[in-house]
Structures are given as structure tokens and as C-alpha cells.
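As a plain string of letters, each chain reads:
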There are 2 protein chains.
Amino acid sequence: MPTVTARVLDVLAAFSADRPRLTLSELAARAGLPLSTAHRLVGELTAWGALERGDDGRYHVGLRLWEVAALAPRGLGLRETAMPFLEDLYEVTRQNVQLAVLDGTEVVYVERLAGRSSVHVFTRVGGRLPLHATGVGLVLLAHADPGLRERVLAAPLRRYTAKTVCDPAELRRMLADVRTTGVAISDGQIELISLSVAAPVRGPNGDVVAALSVVVPSDGTNPHSFVPAVRATARGISRALAASEHHFQ
Amino acid sequence: MPTVTARVLDVLAAFSADRPRLTLSELAARAGLPLSTAHRLVGELTAWGALERGDDGRYHVGLRLWEVAALAPRGLGLRETAMPFLEDLYEVTRQNVQLAVLDGTEVVYVERLAGRSSVHVFTRVGGRLPLHATGVGLVLLAHADPGLRERVLAAPLRRYTAKTVCDPAELRRMLADVRTTGVAISDGQIELISLSVAAPVRGPNGDVVAALSVVVPSDGTNPHSFVPAVRATARGISRALAASEHHFQ
DNA sequence: GACCGCGCTTCCGCTGAACGGAAGGATGGA
DNA sequence: TCCATCCTTCCGTTCAGCGGAAGCGCGGTC
């Protein structure tokens, strides 16, 4: 019933962050395919370089696919432009710096930058988190189109900590605030030990295409002291995007 | 004749760094497919999220594919571990820092780190360069298996500048040198204006899995002053890789 | 050393999904 | 209004993909 294309993609999607290396049988099971079918598909994917086979016989995502994916404008493409600015921001703040975009009703982290001395955070490049519990999420939600916003607020909002804001009315107030101030401060909503200061990054046509944040430990630090730097960096990236020939939808 | 899987991958491979956004017809032409076939494939790929359609109607690589590809152990996976160290190295040197792996007979750049003030270099994350003309390439070639090394040295070696070393005998001498000193210095071999200092990154089993380099302007700077920092960083990453549970083939 | 279990690989005949030529929009420029 | 370009849909034919089954290779167990 399913098309070949869909099957190929399902094979790729069988890999996940917690299981990035799979045997053929695991792969077949996860993709819901008979072993012989999986065997053929995986063989073709491996020959092309979309998958690679490790010394242990397990398969993992290959470099060739990574190269192609690096062309995703909202992935490494956006990253490429933003990187020098993130770099500068990291140097000023010496805290985790993150860049994220909106996809569906979630945040996808496109870049995370941290020295060895920074606080450990559990976001991962390529990872997803919900919109209502992160600084970048609040920024993206605040500037998302109203239809999406209502859909997110109408759905049940998962609680991560005692501080997670799960009340639609209160979130609505926070989002309005984000729109007027131009920054979001998410305090302990996803992890009690950290808070983040986020600001919107705009594309050439003025739409918000990404959000950027600094994650700092919540013990005593005054988040407001980070606001100017975060805001300035976000503006810098927006300007660089406008100047670059690439257009982000 | 070609399998569906191959076609799907060819569609993805139609995107390149210089043309990351394509109309349906361009895509069909590049992939060598009839328009109607391309239309169907692209439709399925878009529905899944492997491709996205921009406001202008052009297609580009999608976020979903990027997420999957981020699991490539030699791509973002390796990157993830190395990042904090690269970060630290950048801060000490304030020069371009690069991380690359070997694929086939070329170098693939996995990460490039630079502030706004650094020299502009023409490498790009996800990009490829030949082994004989770059610092990271020399390191990877020096530690590659002898079969590959001979194959590379036997093939014609492209000249990029007057300083590019294209003589197999001289290269062989340089590679031996890299193995004894543990660092490679590539002076103006790819661009006259810059030189790079590179060192090997080893996986848990001692194999060289990547190389790391600092690119500095060639005007008067003494490359040897960078050697200790580069070497220390490479060792640090190697140790971190050994400590992490992920194994890089 | 014979047996078993597990995971991978190969084979092959059937079938329906993929194919692509052709016709039909949609858009925009002359 | 006409033409050019690009995109979308349709539909009959065919052959590539399918997957059950059988075979292989290895490591563990009695």
C-alpha cells in the first residue's frame, strides 16, 4: 500500500537520537518492513551513501545524506549566516547560546554553542521541544500566525516543572508581552535550574524565521542583564539575512 | 532501469551548494527524470518533510531530513562532542577553526567556527576538498590505510596555487613528517593568503577518525606558535570521544 | 561434533504500484 | 488575445518491487 518513496523515508526515520545505530532486523522492525524488503532498501541506501555500515555490522546515517541535508536553508544554511554572531554572543555571555526554528507545533534546535565551562542543558542540535516551555518557543509562538497559536494553546500543554506555564490565558498574556518587549524570558519552565532569554530573528521580508536564546543558570543571575546582548545579536543576524542573497521562507 | 530508491536519492542530490533552491523543472532536469515522475516523487518527499516548498514555489531540502541527517555519527554526532573544544580553541587563537573527516578520497568539513573578525576562508560546512591541498587532508591522508594513500598519490593531483604540492614523492615525505610530528602545516596550498595547522583526532580504538585545523593568514604569522594549542585540542577531543559511549567507526 | 537459534542474504514468480506520454490548467509577458 | 513556460492531473501498460521461503554463517549449548 505505501509508496516506495515513503518506505525509503521511513527507513531513514527509523533512526533516532536514542538509537542512532541499528542492525538490519531492528531497522526492519522499526520501519515495519519484512526483512527481505528492508535488506534490499538498506543495500541501495548504503550503496548510495545515505546509510553507512559500521564495523559492528550496524547501520547508521551516512555522510552523504548529511551533506545534502546541510543545504536545508532552515538548518545549516541559516546556521551559516548566524554562526559568527552566535560566536560573538557566546564570548560576551560565556553561556549556552541556542538558535532554533519553528516546525509544526514544536521548536527545532539548529545550533547550540557552548564552551566546556557552560551549564549543561539537555537540548541537542536537531532536537525538538514544545513551544510553550522554552524561551525560543515563546518567541516563535508569539510571532507565529494566529491559527497556529490558537491550535497550540487549545491543545493540552505538558508540565515539565512546577514553574511551567500551562494556563492558556496566562500564556496569552506572556506572548503579548513578548511581542511588545521583543524578548522572552522563560524561567525554569523546562528545567528548574536554568532560565533562558530569547529574541526573534527576522528574514528579509520581516517575518520571524528563527529565535535565538541564551541559557543561564537560574541561581541568582539577573536575566535582564542579558537582554541587550541577545537583542543586539538577533538584530545583527536579521540584518545579515537581509543582506545575504539567500531567502528564508 | 534505475530503482525507485536511487531516483529518490538522485532527486535529493540534485540540490547543491550553488543551487540550493530549485523549481520542479530544474529538479527534473538535474535528476534526469520526466516532469510527471519528478512531480510525483517531489510531492511525496514534500509531504514527508524531506523537501519543503518556499513561497516562490521553489523546492529546497527540508528540516525533517536535516533532523535525521543530524544523527550521522561522523556529521553532527562527532561535532557535538568536539564543539566545546573547538570553542575553546577559537577563543585562544581567534582564528578559523575547522573539523573534518575523510570520505572516499576527499575531505568533508563537518564544522567551521569563526567570529566576524576572522579571515574569510572558502570552506563550507558540508563541503569537500581534496586531500593533498589542505592541512586536515594531509593529516587524514597520513593516517589513512596505505591502499587509499597510494591510490590518492597515484592519481593526478590538482594544482590550486604555485605552492600546491603535486609531486607524489614530496607528498610522501610530508606525510611521513606528519606521522612523526603529529601535526600538518599546509602553507598556501589551496589559497596563497592562508595556511593551516592541523592535527589528528582519534576514536576510542585509536584510529584517526577526524582532523582539526586552525586557518591563519599567511602574512608573517608563525604557524608553529599554534601547534601546541591545536595538538592539545585534538587530544582533548580524542579523550572525550573515548569517554563517550558513541563509537565512531 | 551435532544441534539449535538467530540474524543476514539470496531466490524467484506474482502483481499492483510506478511510470511517463499526453492533455489540461495557470500564470505572466508580449 | 496569443503565446510561452511551468505546473498538475489522468490513465493504460508494464516491469520493478515485493515478500515468503529456503539457504547460509556464526556462536553458543549440550
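Scroll up a little and you will see the structure.
Chains are numbered independently. Their residues run from 1 in the order of the written sequence. To label them, take the chains in the order written and letter them from A, then take the ligands in the order written and number them from 1. Owing to the predicted nature of the model, reporting of local features is limited to residues with pLDDT of at least 70; listing and counting of side-chain atom pairs is limited to 80 or more, with chain, interface and lining totals taken over all residues. Each side-chain value is derived from all of the structure's non-hydrogen atoms; neither hydrogens nor water enter the calculation.

S.K.: Lay out the protein's contact with DNA strand C in plain terms, naming residues and giving numbers.
M.R.: For each residue, the test is whether any non-hydrogen atom lies within 4 Å of the molecule or strand; if one does, the residue is near. In the neighbourhood of DNA strand C, 15 residues make up the surrounding shell, with Thr3, Val4 and Ser25 of chain A together with Thr37 and Arg40 of chain B lying closest. When atoms of DNA strand C within 4 Å of the protein are sorted by moiety, sugar and phosphate together comprise 71%. Take His39 of chain A: an N or O atom from its side chain is 3.4 Å from a phosphate oxygen of DNA strand C. Throughout this description, a polar contact denotes any pair of N or O atoms lying within 3.5 Å of each other; where both atoms belong to protein, one of them has to be capable of donating a hydrogen while the other can accept it, and for residues adjacent in sequence the pair is counted only when both atoms sit in side chains. In this structure, a phosphate oxygen belonging to DNA strand C sits 3.2 Å away from a side-chain N or O atom of Arg53 of chain A. Each residue receives one of three labels: charged for Asp, Glu, Lys and Arg, nonpolar for Ala, Val, Leu, Ile, Met, Phe, Trp, Tyr, Cys and Pro, and polar for the others, Gly being one of them. Classifying every residue of the surface near DNA strand C gives five nonpolar, seven polar and three charged.

S.K.: Tell me about the environment of Glu80 of chain A, and name the residues and values.
M.R.: The numbering of helices and of strands both runs from the N terminus, where a helix is a DSSP run of H or I of at least 4 residues and a strand a run of E of at least 2. Looking at the secondary structure, you find Glu80 of chain A in helix H5 (residues 73-93). Exposed residues in this analysis have more than 50% of their type's maximum accessible area, buried residues have under 20%, and partly exposed residues fall in between, with area computed by a 1.4 Å probe over protein chains only. When its relative accessible area of 26% is taken as the criterion, Glu80 of chain A is described as partly exposed. With 33 residues separating them in the primary sequence, Glu80 of chain A and Leu113 of chain A have C-alpha atoms 13 Å apart. By definition in these notes, contact holds between two residues if any of their heavy atoms fall within 4.5 Å. Once you skip the residues sitting within four places of it in the chain, Glu80 of chain A turns out to touch Arg112, Arg124 and Val125 of chain B.

S.K.: I'd like to hear about the pattern of salt bridges, residue by residue, with values.
M.R.: Any carboxyl oxygen of Asp or Glu within 4 Å of a side-chain nitrogen of Lys or Arg constitutes a salt bridge here. According to the stated counting rule, one finds 24 salt bridges over all chains in the structure shown. Glu67 of chain A is paired through a salt bridge with Arg128 of chain B; the nearest N and O atoms lie 2.5 Å apart. Of the two residues, Glu67 of chain A is situated in helix H4 (residues 63-69) and Arg128 of chain B in strand S5 (residues 128-130); the pairing between them involves two chains. When the shortest N-O distance is used, the salt bridge between Glu150 of chain B and Arg172 of chain B registers 2.8 Å. One end of the pair, Glu150 of chain B, is in helix H7 (residues 146-154); the other, Arg172 of chain B, is in helix H8 (residues 168-181), with 22 residues separating them in the sequence. The exposure class of Glu150 of chain B is partly exposed, given its relative accessible area of 38%. Taken together, the shared-partner salt bridges connect Arg79, Glu80 and Glu111 of chain A together with Arg79, Glu80 and Glu111 of chain B into one network.

S.K.: So what about the packing of aromatic side chains? Which residues, and what values?
M.R.: Between 30 and 60 degrees the pair is tilted, below 30 it is stacked and above 60 it is edge-to-face, where a pair is any two Phe, Tyr or Trp rings, Trp via its six-membered ring, whose centres lie within 6.5 Å. Applying the stated criterion to the full structure yields zero aromatic pairs over all chains. By the criterion adopted, a ring carries a charge over it if an Arg CZ or a Lys NZ lies within 6 Å of its centre and within 35 degrees of its normal. One Lys or Arg, Arg64 of chain A, reaches over the ring of Trp48 of chain A and ends 4.3 Å from the middle of that ring.

S.K.: Can you tell me about the pairing of strand S6 (residues 184-187) of chain B, naming the residues and giving the values?
M.R.: All names here are of chain B. Residues Ala184 and Ser186 of S6 are buried on one face, while the alternating residues Ile185 and Asp187, pointing to the opposite face, are not. The pairing criterion is simple: DSSP has to find at least two bridges between the two strands. Note: S6 against strand S7 (residues 194-202), four bridges, orientation antiparallel. Across the sheet, residue Ile185 finds its bridge partner in S7, namely Val197. Counted between consecutive antiparallel strands, the loop separating S6 from S7 contains six residues, among which Gly188 sits at a positive phi close to 65 degrees.

S.K.: Now, about the relation of the copies chain A and chain B: what can you tell me, with residues and values included?
M.R.: Least squares is the method used to superpose the copies, on C-alpha atoms of residues holding a pLDDT of at least 70 in both. Expressed as a screw operation, the relation of chain A to chain B combines 0.1 Å of axial shift with a rotation of 180 degrees, fitting to an RMSD of 0.1 Å. Here the copies are linked by what is in effect a two-fold axis.

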